[in-house]
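# Analysis of the macromolecular model
Each chain is listed here by its residues.
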Amino acid sequence: MDLTSITRRSMLTSTGNIVAASALAPLFARRAGAAVTPITVGFIYAATRQDYGWNQAHAVAARKIAQLEGVKLVEQEKVPETAEVEKVMEGMIKLDNCKVLFPTSFGFWPFIQKIASQYPDVLFVHAGGLWKEGDAKNTIGYRGYMEEPHYLCGIAAGRMTKTGKLGFIGSKPLYFIFNNCNGFILGARSVRPDATCQVAITGDWDNPVKEAETVNGLVDQGADVIVANVDSPKVAIETAERRGVYSCGYHTDLSALAPNGFLTGAEWNWAKGGDFVKAWQTGGSYPNLYRGGFKREMVAISPFGKAVPEPVRAEVDKARQALTDDSLKLYKGPLRDNEGNVVLKEGEVISNEDNAFKVNVKFLVEGAIGRTGLK
Amino acid sequence: MLSAGPWRTIEAAAISIGAIVVALVVYGIFIALNGIDPIAVYRVLYLGAFGTLFSLEATLTLAAPLMLTALCTAIPARAGLLVIGGEGALVIGGLAAVLAGVSAGGIPRYLGTVLVLLAGALAGGAWIAFAGALRLWRGVNETISTLLLNYIAIALLNHLISGPIRDFGETLKATSWSIPAPFRIGTLPYLNVHWGLAFGIVSCVVLWFVMRRTTFGFAVAVLGGNIRAAQLAGLATARLSLAACIIGGAAAGLAGAIEIVAVHGAASESLVVGFGYGGILIAFLARQNPLAIIPVAILVGGISASGGLLQRRFDMPGAATAVLQGCIFITVLAGNTLYGRWRPSRA
Amino acid sequence: MNELELGWWGVLIAVIGGAIRISTPYLFVSLGETLTEKSGRVNLGLEGTLVMGAMSGFAVAYLTGSPWLGVVAAGIAGSSLGLLHAAVCNLPRVNDIAVGIALFLFGTGLAMFLGKPFIAPRGPRLPSLELGSWSAYPSVRAALEINALFIVGLILAPVLYWGLRHTRWGLVLRTVGDSADAAHALGYSIERVRTLATMAGGFLAGVGGSFLSLYYPGNWNEGLSSGQGLMAVALVIFARWNPLSCFWVSLLFGGAGALGPALQSVGIAQGYYLFNAAPYVLTLIILTWSSSTRHRLIGAPSELTINR
């Protein structure tokens with residue numbers, strides 16, 4: 001994958017009208033710099049790298065970033081979301097001479113802010129779009145809109161399901177889980193209007209026993225495509241494979257776990273962070289907040305499983321292209337939620353980058369069986 | 001020639017150091033078998049533990065709670081009890097600290113800090129004293145009971161922080177209510193290490209003095225040497241045993257309270273990181289001597305502190321330091337058999 | 001068929017099924033520790049042995065494709081740690097309780113270290129007897145799926161019981177554990193007997209560990225064990241060093257462990273962690289009730305250090 005550096009012009013043209021609306025204007029820091037200097041990049045994981053989930057997605061990105069010119073990679077795993085991560089970050093800065101740090105767990109953000117001002121020559125890149133005015137200028141928040149690849153998974157699911165029943169497992173009742181779920185259902189119903197999706201929330205980021213039992217429960221009720229939005233979907237996918245149903249992945253490429261039933265999956269493209277590394281290396285500019293979907297190269301889909309026939313692959317690829325050039329919008333009217341309320345009227349269209357709308361999603365679209373529990 | 005006293009100290013130190021050296025060599029072989037250069041590992045161990053000011057600070061920050069949890073094993077050991085409940089006592093101390101801090105909202109800050117620390121120490125002392133009482137009045141082996149109490153304490157912590165005392169503002173991790181900010185304590189002057197280190201060192205020195213130079217300490221030593229002799233001498237063995245348990249538990253409870261006021265501010269699963277079990281190793285390595293606990297805790301803390309660097313430099317798993325500590329523990333225990341083999345010749 | 005209709009019956013079924021599943025490691029570790037303690041040694045390092053067994057069992061099963069080879073490998077790993085325990089404890093003036101704690105830490109650390117490459121992949125699974133295939137309810141089927149190791153343990157317990165009472169080996173073992181002087185007089189090598197007993201105990205503990213990684217939960221990761229090895233020591237005391245009682249007590253502990261998740265499935269989620277504490281509290285209560293300062297625990301081998 002080619003990584004292009006962000007120039008000021010491409011930043012302005014791609015962010016469009018959202019920038020004006022929100023208070024989060026990208027900041028342009030200039031550093032007096034030379035050519036490509038060698039630079040050490042540090043990745044910090046809250047759990048193990050090989051979790052077939054959130055951390056593995058970052059480890060994959062870390063390896064891609066390590067391929068960049070002059071980049072040396074150091075990694076540390078199993079760092080808890082406590083004051084200990086401060087010590088780890090400082091250790092990487094002082095002992096390993098890291099100049100860019102990727103503390104990859106969501107809960108590291110407050111600790112990043114605490115020490116960032118003490119180390120102005122270090123860039124801190126965080127996976128979670130939390131940066132706001134007033135935060136340290138040498139920190140970046142970046143995140144992908146996973147509802148877009150979930151839409152594509154939904155298309156594959158809609159085409160491949162025999163029963164017309166899908167299953168979505170979510171960890172916590174949070175907005176990004178619901179957006180993913182809505183994307184999945186909208187994609188499925190775009191090719192099979194009568195498809196339904198049972199939605200189950202486990203309440204835990206990581207609870208293998210519960211996830212396995214939930215999958216069994218969903219399959220017992222007729223679902224034949226499963227997708228699990230949990231920290232590590234490994235158990236869910238393996239259980240689905242054992243039950244002989246289809247599955248879609250999340251976070252990273254999980255096709256190896258389900259040779260027969262894997263369709264495709266929603267993946268992060270954290271490797272986009274390589275652009276920030278390059279900017280820091282060369283003294284170029286970088287945004288403090290970078291969120292996006294396919295158009296901004298923050299998400300991807302997994303390679304297709306062998307079960308997916310060529311026409312379906314073509315259909316998914318076409319939709320992906322449409323998302324990349326922004327001709328396909330996820331949330332557009334007429335749109336009802338699954339309790340009969342009208343969410344969007346005919347003609348209303350929400351931009352794929354309307355973050356404010358997405359943060360406030362408390363509904364599940366028509367076709368979902370289940371409740372968010374929020375109102 | 002040397003008299004028995006200083007000779008025993010030299011012998012003890014020599015055997016302990018010898019054990020560490022043997023363990024390092026064995027560990028080096030283990031590392032080499034895994035395809036990594038042992039000399040490079042030794043260098044990184046040193047770098048991560050003592051090589052820079054930053055490393056030293058990290059080591060001392062880890063050594064502080066370890067000194068206190070080591071006392072939880074060392075003090076009862078002098079009374080002849082093998083207590084391994086430091087982990088549980090620390091957790092209980094942390095919980096008590098949070099509860100005390102949160103209930104004492106408006107009081108002046110230094111008073112509040114003292115109250116919180118005291119609460120932790122008392123709770124820890126009571127926790128281990130419970131095991132001691134079970135031993136005294138029901139004959140329940142204290143090693144097993146304190147072990148069980150460890151798990152019970154952790155379950156209690158998990159239960160409380162997921163519901164009854166949970167701070168629901170923290171969405172990502174189960175955390176308790178925070179103690180008021182004025183009660184928190186900061187770092188020592190010149191050194192980026194919290195005041196817990198001072199508490200640890202002072203506790204060790206004070207307890208060494210108590211155990212070696214006071215009547216109480218002597219009585220406990222007699223009890224630990226031979227319970228029948230102590231009874232014949234008319235010592236109040238039950239009270240001495242309980243006192244030893246209370247002191248040991250209070251030390252570990254204090255460690256838990258320090259984790260709250262100096263590091264985290266609230267209770268969470270970060271209280272359960274193995275300080276208790278590390279303390280057992282230190283107590284044995286230091287031959288249950290409170291003064292020796294200070295350097296030994298710094299050594300063991302140093303090994304733990306370099307764990308991150310080992311991971312980053314050699315892609316070794318986080319358990320790499322646990323294996324080394326395990327090796328040291330085993331060689332130290334095996335080395336016990338060598339005590340008394342050499343005597344100064346008196347020809 | 002709606003699962004929720006099972007309601008409280010569902011809880012009972014889940015507890016039974018869970019008891020069988022969760023008790024299997026307890027069963028093996030307690031049988032092994034019974035042998036060790038009968039010879040007069042306490043091995044607190046069984047937790048580390050359990051974890052090492054789980055790791056090596058999974059690793060070998062994954063590499064060879066055969067779960068049974070994994071079980072054997074786990075046993076061998078366990079008996080190696082048992083040999084280490086015995087070797088150090090055989091030295092004079094060494095406290096076997098302390099050595100046990102050291103091995104607990106060492107074994108756990110070693111397993112985590114060596115097991116890192118095996119965290120990700122899936123491994124082969126031990127077979128099970130599907131006794132519940134008549135049922136239309138998946139949960140009943142799952143509960144009556146009795147794993148092969150449980151059946152091995154089911155047979156092993158009475159065999160060990162009989163062996164301890166009626167064979168020469170059993171007599172030698174018990175003599176060494178009850179009276180070192182008598183054993184000396186009879187010419188038995190105390191060190192050798194204890195070493196073999198500890199190795200056998202380690203073997204069984206390792207096998208118990210392999211159950212965790214090869215059946216339920218069926219993979220290798222950190223945090224696989226949560227003190228089962230240590231609890232087994234208490235379990236043995238609870239069971240009065242009787243292999244048959246070990247079987248029933250293991251089931252009891254397994255049921256206690258299954259109660260929490262079973263209640264959760266009918267919506268009772270409060271106090272989940274308190275349920276986790278139940279086996280430990282139970283053990284403490286039983287220990288308190290059955291111990292006394294005036295006499296040693298009934299049935300305890302007299303040479304055991306925890307009695308003194």
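What you see is a predicted model; the values in this text were computed from it and never measured. (Residues numbered from 1 in each chain as written. Chains lettered and ligands numbered in written order. Predicted model: local features only at pLDDT ≥ 70, side-chain atom pairs only at ≥ 80, totals over all residues.)

Counting secondary structure elements, chain A contains 12 helices and 15 strands. Counting the 375 residues in chain A, one finds 53% classified as buried. A sequence separation of at least 24 residues applies to 68% of the contacts in chain A between residues at least 6 apart. (Helix = DSSP H or I, 4+ residues; strand = E, 2+ residues; numbered from the N terminus. Buried ≥ 20, exposed ≤ 12 C-beta atoms within 10 Å, placed from the backbone. Contact = placed C-beta atoms within 7 Å.)

What follows is about helix H6 (residues 142–162) of chain B. Here H6 of chain B spans 30 Å end to end across 21 residues, near enough to the 30 Å set by a 1.5 Å rise per residue. Burial within H6 of chain B is extensive, with 17 of its 21 residues counted as buried. (Expected span 1.5 Å × (residues − 1).)

Turning next to the nonpolar core. Residues Met 67, Leu 71, Ile 282, Ile 293 and Ala 297 of chain B together with Leu 235 of chain C are the most contacted members of the largest nonpolar core, which totals 224 residues. With 17 residues, helix H10 (residues 237–264) of chain B is the largest single contributor of residues to this core. If you look at the next biggest cluster of nonpolar residues, it comprises 111 residues, including Trp 109, Phe 111, Ala 127 and Val 365 of chain A. (Core = buried A, V, L, I, M, F, W, Y, C linked by C-beta atoms within 7 Å.)

Right, let's get into the domain arrangement of chain A. Residue and element names in this part refer to chain A. Entries for chain A in the domain assignment read domain 1 (8–144 + 269–299) and domain 2 (147–267 + 300–369). Here domain 1 and domain 2 have C-alpha centroids that lie 28 Å from each other. Secondary-structure elements contributing two or more residues to the side of domain 1 that touches domain 2 are helix H3 (54–66) and strand S11 (289–292). Broken down by element, the side of domain 1 that touches domain 2 gets its largest block of residues, 4 residues, from H3. For the side of domain 1 that touches domain 2, the class distribution of residues is 7 nonpolar, 6 polar and 3 charged. (Domains from an automatic or database assignment. Nonpolar A, V, L, I, M, F, W, Y, C, P; charged D, E, K, R; others polar.)

All names here are of chain A. In space, the 7 strands of this open sheet follow the order S12-S10-S9-S8-S6-S7-S15, with mixed pairing throughout. In this open sheet, the two edge strands, each paired with only one partner strand, are strand S12 (299–301) and strand S15 (368–369). Of the strand pairs in this sheet, strand S9 (residues 246–251) and strand S10 (residues 262–268) are connected by 4 bridges, and their pairing is parallel. Along S10, the bridge assignment pairs His 251 with Glu 267. Where helix H9 (residues 234–243) meets the sheet, it contacts strand S6 (165–170), strand S8 (225–229) and S9, and its direction lies at approximately 170 degrees from that of S9. (Pairing = 2+ DSSP bridges. Axes fitted to C-alpha atoms, helices over the stretch in contact; angles between N-to-C directions.)

With 38 residues of chain C at the interface, the matching set in chain B holds 39 residues. Breaking the side of chain C that touches chain B down by element, the ones donating at least two residues are helix H4 (96–114), helix H10 (228–238) and helix H12 (272–290) of chain C. Element by element, the count of residues in the side of chain C that touches chain B is highest for H4 of chain C, at 12 residues.

Along any regular strand, the residues point their side chains to alternate faces of the sheet. Residue and element names in this part refer to chain A. In terms of residue burial, strand S5 (residues 139–144) counts as a mostly covered element, since 6 of its 6 residues are buried. Residues Thr 139, Gly 141 and Arg 143 line one face of S5 and the alternating positions Ile 140, Tyr 142 and Gly 144 line the opposite face, and both faces are buried. Here strand S4 (residues 123–127) runs beside S5; their pairing, made up of 4 bridges, is parallel. Across the sheet, the residue bridging to Val 125 is Ile 140, located in S5. The pairing of S5 with S11 spans 4 bridges and is parallel. When the sheet's bridge partners are listed, Gly 141 is paired in S11 with Leu 289.

Another aspect to go through is the pairing of strand S1 (residues 39–44) of chain A. Residues and elements named next belong to chain A. Of all 6 residues making up S1, 5 are buried, and the element is well covered by its neighbours. Alignment of S1 against strand S2 (residues 71–76), held across 6 bridges, turns out to be parallel. Looking at S2, one finds that Ile 39 is bridged to Val 71. Following the chain from S1 across H3 to the adjacent parallel S2, one finds a crossover that is right-handed. (Right-handed = clockwise from strand over helix to strand, strands pointing away.)

With respect to the helices, strands and loops of the structure, Glu 213 of chain A is situated in helix H8 (residues 208–220). Taking the C-alpha atoms as reference points, Glu 213 of chain A and Phe 102 of chain A, 111 residues apart in sequence, are found 34 Å from one another.

Here we come to unusual backbone geometry. The peptide bond linking Gly 333 of chain A to Pro 334 of chain A adopts the cis configuration, its omega dihedral lying at -5 degrees. Looking at the element boundaries, Pro 334 of chain A is found in the loop between helix H11 (310–324) and strand S13 (335–336). The residue Asn 97 of chain A is not glycine, and still its phi comes out positive at about 60 degrees. If you trace the backbone, Asn 97 of chain A turns up in the loop between helix H4 (84–94) and strand S3 (98–103). The partly exposed category is assigned to Asn 97 of chain A, around which 14 C-beta atoms lie within 10 Å. Backbone geometry places Arg 287 of chain B, a non-glycine residue, at a positive phi of 55 degrees. Secondary-structure assignment places Arg 287 of chain B in the loop between helix H11 (275–285) and helix H12 (290–305).

Before going further, it helps to spend a moment on the confidence of the model for chain A. Averaged over all residues, the pLDDT of chain A is 86; the fraction at 70 or higher stands at 90%. In the predicted structure, residues 1–34 of chain A sits below a pLDDT of 50 and forms 42 contacts with residues beyond four places in sequence or in another chain. (pLDDT = per-residue confidence, 0-100.)

Attention now goes to the packing of helix H4 (residues 86–103) of chain B against H6 of chain B. Residues and elements named next belong to chain B. For the pair H4 and H6, interaxial distance at closest approach is 7 Å and the crossing angle is 30 degrees. Regarding the angle of H4 to H6, the classification is roughly parallel. Pair H4 / H6 crosses with left-handed handedness. Contacts between H4 and H6 pair Glu 87, Gly 88, Val 91, Ile 92 and Leu 95 from the former with Thr 146, Leu 149, Asn 150, Ile 152, Ala 153, Ile 154, Leu 157 and Leu 160 from the latter. Along the lines of polarity and charge, the residues of the contact of H4 with H6 split into 9 nonpolar, 3 polar and 1 charged. (Parallel < 35°, antiparallel > 145°, perpendicular 65-115°, else oblique. Left-handed = near helix turned anticlockwise from the far one by under 90°.)

Residue and element names in this part refer to chain A. Within the open sheet, the 6 strands sit side by side as S2-S1-S3-S4-S5-S11. Their pairing is parallel. Every other strand in the sheet has two partners, leaving S2 and S11 as the edge strands with one partner each. Recorded for the sheet is a direction-independent mean angle of 20 degrees between the axes of neighbouring strands. Sitting on the sheet, H4 is in contact with S1, S2 and S3, with an inclination near 150 degrees to S3.

What follows covers the confidence of the model for chain C. Per-residue confidence for chain C gives a mean pLDDT of 83, with 85% of residues at or over 70. The ipTM assigned to the predicted complex is 0.84, against a pTM of 0.83.

Before going further, it helps to examine the environment of Tyr 272 of chain C. Residues and elements named next belong to chain C. The topology assignment puts Tyr 272 in helix H12. Tyr 272 gets classed as partly exposed once you count the C-beta atoms within 10 Å, which come to 17. Residues Tyr 272 and Leu 259 lie 13 residues apart in sequence; the distance between their C-alpha atoms is 9.5 Å.

A few words now on the environment of Ile 84 of chain B. With respect to the element layout, Ile 84 of chain B can be found in the loop between helix H3 (53–78) and H4. Taking C-alpha positions, Ile 84 of chain B is 6.5 Å from Ile 280 of chain B, a pair spaced 196 residues apart along the chain. If we ignore the near neighbours within four places in the chain, the residues touching Ile 84 of chain B are Thr 73, Thr 143, Thr 146, Leu 147 and Ile 280 of chain B together with Ile 101 of chain C.

The next thing to look at is the packing of helix H8 (residues 215–225) of chain B against H10 of chain B. Residues and elements named next belong to chain B. At their nearest, the axes of H8 and H10 sit 10 Å apart, and the two run at 105 degrees to each other. Compared by their axis directions, H8 and H10 come out roughly perpendicular. Contacts between H8 and H10 involve Ala 219, Val 220 and Leu 223 on the former and, on the latter, Thr 237, Leu 240, Ser 241 and Ala 244.

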